[in-house]
Each structure stands twice: as structure tokens, then as C-alpha cells.
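Chain and residue survey
Spelled out, the chains give:
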Amino acid sequence: MAEVTAAAVKELRERSGAGMMDCKKALSENNGDMEAAVDWLRTKGLAAVAKKSSRTAAEGLVGVAVAGTKGVAIEVNSQTDFVAKNDQFQSFVRDVVAIALESGDDVEALKGQTMPNGGTVEDALVANISTIGENQVLRRAKAVEVAKGAVIPYVHNSAGPGLGKIGVLVALESDAGVDVLEPLGKQIAMHIAAAFPLALDESGLDQDILERERQIATEKAADSGKPADIIAKMVEGSVKKFAKENALLSQPIVMDGKTPVADVVAKAAKDAGTSIVLKDYVRFQLGEGIEKEESDFAAEVAATAGLAR
């Protein structure tokens, strides 16, 4: 059996909201596997983790840029938040997102594109690492585009124009003018930043995630003692509820907590007298899905200086 560390218990408590002893038992029962421990707590009714953790686990910046009916978002990671405030680093992110807007969102191809001052994106990244003194990674990029209409950008926790910790793009296809699409797009983008949808609609949800929810619901329902046919209905009901809560179009918009996003778009279209379709979106949160090592900065400084603590 794997040793259960205090750090692991702390992380599980932060993710699940469960008590310390419950977290310790969950890790012990699952050989230290964090994801399995989260699921174990949920099956026991000791946690309410309904979606992927959105906890930031790395530093750096998300950059977004829009030109007409096309937009792109990128994420560039660094080791510390100090780098995100560095002018050289911010300039690099802005240059790369502008290049991605023209060249596309394939990260490997993007690294080979030419920077404004010459050299490739990869060359500039290596130079940044050398001069700034921290490892940096161009992690991901995604573009969205509509045939007509607008792509609306939104940045949360802004570090400068088009830069921040959460970047959102909303692609609205329509003949409506920007006076209609921009306020609608910003409203939806702010919702996306807050609500963390997993897909545009229920059909777009990852089947592996749905299967995981089904397994959790099955284990929870099995303890109810109800007949098999009732358990089957309980399980499917639970999975459908999860899908509805995590698909953007069916989520209640955060501004009023009750109107589905699809209805907000439909009302805007009716008021404008023309069709408006929410075609796609991007939500990049800095460090999403990256494990970050905890460190004692003061201890590191002391060690570097040869001082005892």
C-alpha cells in the first residue's frame, strides 16, 4: 500500500471539500491514486466534485486575439508568476497569439513561424528561457471561426490587453451587427469563464467522462437497496443531469441563474430579427490540468544563499 502523505491529504481536501480523515481513508483505500480517491469520496457521498478541477496549477499567461470572424487563444507557461509580469514575456505572448491568428493553432507548426524581429517562435522561446532564467512552454492553442458574424474575446484576471489567467472566445454566426453580437458574446464569455462548461452541447461531451459519471452513479445507487430497474433509472437520470449541467447551451446563465444559454441566444436572435447561432467557444484557464509542485520559496532562497532556516 502506498504511503499517504500529508501533502496528498491536503490536495484531496482542497479538491473535494471532504474531511481530513475521510481524505486519508480515501487515499489509503485507493493506493494513493488521487483521481480514484476523488471518485471513492463521491461514491460514499462525502464530496461533491461535479466536474474537472479548474484549479490553476502552473504560471504564465493566456493570450487571446481576434480579427473579424476569426479568433485564437494560446497558453504559454512559466515557472513563477513573476514571469507573467515581465514585459519581455508579455510581448512574446502577444506576438505569438498574433502569429497564430494568421497561421493556425497547430502548436508544433506555430513554433516554426517567424517572429516580427526575425527568428522562429521556438528561437524566441529559447532566448526567453536564457535571458529570463525560467523554463517556459508554449503549451496549447485553439482557433475558432465563423463564416459571418463575430468572434468575441474576453479575458479574466487581466495582466494587460488580451492577456490574463483565463481567456475565452465566443463564436457567433449571424447577419446581426456587432452592436448585437458583442454584448451577447461578452455576456456568454463571462458565463463561460465562471461556469467552466465541458462542451458546447451534450452530444459533444467526452464519452469517457460520461462513462466515469455512470460508474460513480451506479456505485452510489447500488447502496440504495432499490430494485434493479429503479437503480437503472436513477443512474441514467444522474448521467443526464451531469450532461445538462456541463454542456454550455443547457447551463443556466450565471447572470440570472435560471435561463439556459440556448434561450439567451434565441431571445437575442428574436430581438434582432435574424438568426444567431453559437457555433463554438474556447476557454483556456492558466495551468488547467497541470500538476504543480509545491515549494517553499523562502527555503529555496536560503538554500541558494547558503543560509540555515
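Cut-offs applied
- Residues numbered from 1 in each chain as written.
- Predicted model: local features only at pLDDT ≥ 70, side-chain atom pairs only at ≥ 80, totals over all residues.
- Heavy atoms only, no water.
- Helix = DSSP H or I, 4+ residues; strand = E, 2+ residues; numbered from the N terminus.
- Contact = heavy atoms within 4.5 Å.
- Buried < 20%, exposed > 50% of the residue type's maximum accessible area, 1.4 Å probe, protein only.
- Phe/Tyr/Trp six-rings, centres within 6.5 Å; stacked < 30°, edge-to-face > 60°.
- Lys NZ or Arg CZ within 6 Å of the ring centre and 35° of its normal.
- pLDDT = per-residue confidence, 0-100.
- Core = buried A, V, L, I, M, F, W, Y, C linked by side-chain atoms within 4.5 Å.
- Axes fitted to C-alpha atoms, helices over the stretch in contact; angles between N-to-C directions.
- Parallel < 35°, antiparallel > 145°, perpendicular 65-115°, else oblique.
- Left-handed = near helix turned anticlockwise from the far one by under 90°.
- Nonpolar A, V, L, I, M, F, W, Y, C, P; charged D, E, K, R; others polar.
- Salt bridge = Lys/Arg side-chain N within 4 Å of Asp/Glu carboxyl O.

Observations concerning the overall build of the chain
When you go through the chain residue by residue, the secondary structure sums to twelve helices and six strands. Contacts in the chain between residues far apart in sequence, at least 24 positions, make up 64% of those at least 6 positions apart.

Some remarks on the environment of Met190
Positionally, Met190 belongs in helix α8 (residues 178–195). Under the relative-accessibility criterion, Met190 is labelled partly exposed at 33%. Distance in space between the C-alpha atoms of Met190 and Pro153 is 9.7 Å, their sequence separation being 37 residues. Met190 has contacts with Tyr154 and Met255, leaving out every residue within four places of it along the chain.

With respect to the packing of aromatic side chains
By the definition in use, this model includes zero aromatic pairs. Cation over ring: Arg283 sits above Phe196, and NZ or CZ is 4.4 Å from the ring centre.

Details of the confidence of the model for the chain
Atomic detail in the predicted coordinates should be set aside for any region of low pLDDT. Averaged over all residues, the pLDDT of the chain equals 87, while 89% of them reach at least 70. Helix α11 (residues 261–272) holds the highest mean pLDDT among the elements of the chain, 98, whereas helix α12 (residues 297–305) holds the lowest, 46. Counted against residues more than four places away or in other chains, residues 48–57, with its pLDDT under 50, gives 30 contacts. In the predicted structure, residues 300–309 sits below a pLDDT of 50 and forms six contacts with residues beyond four places in sequence or in another chain.

Describing the nonpolar core
Formed by 25 residues in total, the largest nonpolar core has its most connected members in Val168, Val170, Leu172, Ile188, Ile276 and Leu278. Those elements that provide at least two residues to this core are β4 (149–160), β5 (163–174), α8, α11 and β6 (276–285). Residue contributions to this core peak at six residues, all from α8. Ignoring sequence-local partners within four residues, the contact set of Leu172 consists of Val146, Lys148, Gly149, Ala150, Leu181, Leu184, Gly185, Ile188, Ile276, Val277 and Leu278. Listed in part, the 24 residues of the second largest apolar core include Val72, Val83, Val96 and Val97.

What to know about the packing of helix α3 (residues 34–43) against helix α9 (residues 207–222)
Closest axis-to-axis distance for the α3/α9 pair is 9 Å, and the angle between their directions is 40 degrees. It follows that α3 is oblique to α9 by the angle criterion. The handedness of the crossing between α3 and α9 comes out as right-handed. Contacts from Glu35, Val38, Asp39, Arg42 and Thr43 in α3 reach Arg212, Glu213, Ile216, Glu219 and Lys220 in α9. Looking at the contact of α3 with α9 residue by residue, the class counts come to two nonpolar, one polar and seven charged.

Brief notes about the pattern of salt bridges
Applying the stated criterion across every chain, the model contains 14 salt bridges. When the shortest N-O distance is used, the salt bridge between Arg212 and Glu35 registers 3.3 Å. Linking Arg212 in helix α9 with Glu35 in helix α3, this pair joins segments that are 177 residues apart in sequence. Of the residues examined, Arg212 reaches a relative accessible area of 30% and is grouped as partly exposed. By relative accessible area, Glu35 is classed as partly exposed at 35%. For the salt bridge of Arg140 with Glu75, the shortest nitrogen-to-oxygen distance reads 2.6 Å. Of this pair, Arg140 sits in strand β3 (residues 136–145) while Glu75 is found in strand β2 (residues 70–78), placing the two residues 65 residues apart along the sequence.

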